[in-house]
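Okay, here's what each chain looks like letter by letter:
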Amino acid sequence: MPMNKRIGIIIGRIYKAANKRLLSGIVEQARTAGISAYVFTLNEECPNDKITSGEENIFSAINFSLLDGIVLAPYTFDSDGYSSYIEHYLAENCTIPVVRIGIEQDRYISVWYNDRGEMSELTLHLIYGHGCKKILCLTGPEQYEVSRSRAAGYRDAMERADLVYTEDDIIYGDFWVYAAQALAAEIADGRREKPDAVVCANDAMAIALCDALIDKGFSVPEDIRVTGYDGHLDARVHFPAITTYQTSHEHLGRSAMCRLYREISGDDMELCGSDKGVLLCRESCGCNSLSERFDTHEFDYKHMEYSLMDCTLSAALHDVNSLNGFVHNMYAMRHLFMDRSRFGTVGFYLCLCDDWDIVRIHKGKRTYRTSGYSDKMIFISSDEERTTFELSEMLPSTLRRDEPTVTFFIPVHFQERCFGYVCLEATDVFDDFNMNYLRFCREINNGLEFLCAQNELKRLVYRRNMSQSRDELTGLFLLESCPQMWDEVSEIAELYRQDIYIIVISAGGLKHIENAAGSAESDRHLLMFAETLSKCCSNTEKIYKTGEKGFVIIGTESSPVSRPQEYLKAVEERFRQQNIIAGGQYLVYAKSEIRVIPSAKPISSEDAEAGIKAMLARVSENSRSRLSEKVHYGELIELRKEIFRHPETDWNGDECSRRISVSKSYFHKIYNQLFGISFMQDVQHSRLSCAKKLLVTTNDTLPDIAAKCGYDYYNFMRAFKKETGMTPTQFRKKQ
């Protein structure tokens, strides 16, 4: 598979419209050259040192040797601290070309808006469009290059129109509200001559200036005209609506990508779009914006996004007892940020450190991973399949595609505790990276921390139980030696408001083995029985040995009704495989019973003990009623294997009963007892299983498939429709 070129993009607050348009421009331009993008961004920016430490770990996941270049947009981060950290990290670790979107830095290749020319256009609009002569310029802090550049645009326009201005007409402010309020006070108090207009270097100052002037008794635009810069949504919904210059963030992104491409390839790259910024003339300068298209639905939608709170997500991620349950619920809730129609095209992955839930004690203090990620990472995809990969790969190499993709990396942590990261991968649009997605990721952080606390509590309980007596043969705890067991389980169930369930399982067929082959062989089969049950237990279950052949499993996992069937099926399969491999003729089987104790109706340890004894008695009685000697076990196993290997054969009970030298009625009886299904149903099952496989894996015609599976065409169509609810053709198309 050919490797695409891949760039890294470091950008903050992608949920903001301007930053998202910037990223869109970079990615669209990259796609024209078949270049994929890894986007590294943050989940939460706040003045909390522990959270900051957890967020910054995401940059340690970057393997610069797998990337061809970096586009850095430091101004998109909310805090200068993050910007400084990122630039320092790149200076120490990055050896590939870096294009920096900004103009206050000379270490890297810089790309920026043509804000000087756009500010000049704004000022000329006031001069020629509205006849303004006395114009002030309110810009940002003087030490910022961007402030000086926008002030230079004002000078260019004034000089082009031959209008008189002084340096005192340029006010260096703060890009925020305070400088605007101070200017309004100066004009109102007469300390500064009232101008015809004020051109502001950003929308925040323009909005604040309008509000402050109106508070002082001035009318905008009748007394003083005001313009802003940036084209933010707030400027449009303000009253009066603010005249501004909407810069093209997409154009800036494309320009940055073109510059990086020249650096990494030596060739020039044609811009994939020619959109530039646009002057938006509105009421604050005296123009009319009624003809301007404004999508109120978009405004309402964005404000809905910012305020959305979804309690069901928290409940789903906290109401679990294992990582399996957590992952299942997490992927089941993707619809909260991703349209269901994109489930198959947009990848969403969880990558965890291999020690994500490990707590160590060092010098009497609890310690856990806080810095960087583990060398081996656990990858969990949306189908809940797991694999491990090297951190140096960033993601498993099996995910790489021929077509260009954009993949977002976000840290997963709780305060300073580092769990790993989540990735969102798309091949076309990336609308799913939105406010809801960030909230979703924050809930993942909280849910994993809650799960870690549960796991640690389980470990403490387990270590306490380790001191108790164990069964000499199986190594399992003896139920009779754990008098405090019920109280511990009850405490955990009460803590997490869960029901308790008890499963009693009895091993059958051991006496027959002992009589036929001796106690050593019987013990070996009992040990296999115990190992099989132990492997099936989840981390919310405890298994105990009781009596000669009884086992008790106690758990607090939700929805336990199907658990006994899972254990019985595991035992049956384990000994079926054992007899096939070893050629044995012994049948070990299991009987079980389950009891669920609701959390709302707890019982005492005495009642629990009495209940377990009664369950054991019933299970043992049922076991005695089951046929214990299966002299034809091996022959039936071989027969069934042949049925499934050769479904086209005309299998019938007469021939099969003669084959193992039993009567027809007895043959059908023991076949059903052994496999839990009638002989003819099993034959039908083998044929339909073969048909399904041929439909999916071959292009054979339906008559050919029917013949290969032992059917005539008519009976095949009828049986298949009855079994699956659809025709073979429908089944093939669906698969």
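Below, the structure is looked at part by part. (Residues numbered from 1 in each chain as written. Predicted model: local features only at pLDDT ≥ 70, side-chain atom pairs only at ≥ 80, totals over all residues. Heavy atoms only, no water.)

Moving on to helix α22 (residues 679–697). Taking 1.5 Å per residue, 19 residues should reach 27 Å; α22 reaches 27 Å between its end C-alpha atoms and fits that length. All of the buried residues in α22 are Phe 679, Asp 682, Val 683, Ser 686, Arg 687, Leu 688, Ala 691, Leu 694 and Leu 695. (Helix = DSSP H or I, 4+ residues; strand = E, 2+ residues; numbered from the N terminus. Expected span 1.5 Å × (residues − 1). Buried < 20%, exposed > 50% of the residue type's maximum accessible area, 1.4 Å probe, protein only.)

Read from one edge to the other, the open sheet built from 5 strands follows the order β19-β21-β22-β20-β23, with strand pairing classed as mixed. Looking at strand neighbours, the two that pair on one side only are β19 (477–478) and β23 (589–597), the edges of this open sheet. With 9 bridges joining them, strand β20 (residues 500–508) and β23 adopt antiparallel strand pairing. Its bridge partner being in β23, Ser 506 is matched across the sheet by Lys 591. Sheet strands in contact with helix α14 (residues 485–496) are β20, β21 (541–546), β22 (550–555) and β23, and its direction is about 135° off that of β20. (Pairing = 2+ DSSP bridges. Contact = heavy atoms within 4.5 Å. Axes fitted to C-alpha atoms, helices over the stretch in contact; angles between N-to-C directions.)

The next point concerns the nonpolar core. When a protein is soluble and globular, its nonpolar side chains tend to lie buried together. The biggest cluster of nonpolar side chains holds 113 residues, and the ones touching the most others in it are Phe 348 and Ile 444. Grouped together as the second largest cluster of nonpolar side chains are 36 residues, Leu 90, Cys 94, Cys 353 and Phe 389 included. (Core = buried A, V, L, I, M, F, W, Y, C linked by side-chain atoms within 4.5 Å.)

With that out of the way, let us pick up unusual backbone geometry. Note on backbone geometry: most residues besides glycine have negative phi, and most peptide bonds are trans. The omega angle of the peptide bond from Val 220 to Pro 221 is 15°, so this bond is cis rather than trans. Among the structural elements, Pro 221 can be located in the loop between α7 (203–215) and β9 (225–227). Here Phe 175, not a glycine, exhibits a phi torsion of approximately 60°, which is positive. Mapped onto the elements of the fold, Phe 175 is located in the loop between β7 (170–172) and α6 (177–189).

On to the packing of aromatic side chains, then. Per the counting criterion, the structure on display carries 26 aromatic pairs. Both rings, one in Tyr 85 and one in Tyr 89, keep their centres 6.2 Å apart while their planes meet at 25°; by these two values the pair is stacked. Here Tyr 85 and its partner Tyr 89 are both found in helix α3 (residues 80–93), 4 residues apart, which amounts to about one turn of the helix. Tyr 85 sits in the partly exposed class, given a relative accessible area of 28%. Judged by centre distance (5.5 Å) and plane angle (80°), the ring pair of Phe 720 and Phe 731 falls under edge-to-face. Taken together, the residues Phe 720 in helix α24 (residues 713–724) and Phe 731 in helix α25 (residues 728–734) connect sequence positions 11 residues apart. (Phe/Tyr/Trp six-rings, centres within 6.5 Å; stacked < 30°, edge-to-face > 60°.)

So, about the packing of α22 against α24. Orientation of α22 relative to α24, taken along the N-to-C sense of each, is 90°, at an axis distance of 11 Å. Judged on the interaxial angle alone, α24 and α22 are roughly perpendicular. Touching Gln 684, Leu 688, Ala 691, Lys 692 and Leu 695 of α22 are Phe 716, Ala 719, Phe 720, Glu 723 and Thr 724, all from α24. Looking at side-chain class alone, the contact of α22 with α24 contains 6 nonpolar, 2 polar and 2 charged residues. (Parallel < 35°, antiparallel > 145°, perpendicular 65-115°, else oblique. Nonpolar A, V, L, I, M, F, W, Y, C, P; charged D, E, K, R; others polar.)

A regular strand carries its side chains on alternate faces of the sheet. A large share of strand β3 (residues 69–73) lies buried, amounting to 5 of its 5 residues. Relative to β3, strand β1 (residues 6–11) runs parallel, the two sharing 5 bridges. Its bridge partner being in β3, Ile 10 is matched across the sheet by Leu 72. Sheet topology note: the β3/strand β4 (residues 98–101) ladder contains 3 bridges and is parallel. Bridge pairing in β4 places Val 71 opposite Val 99.

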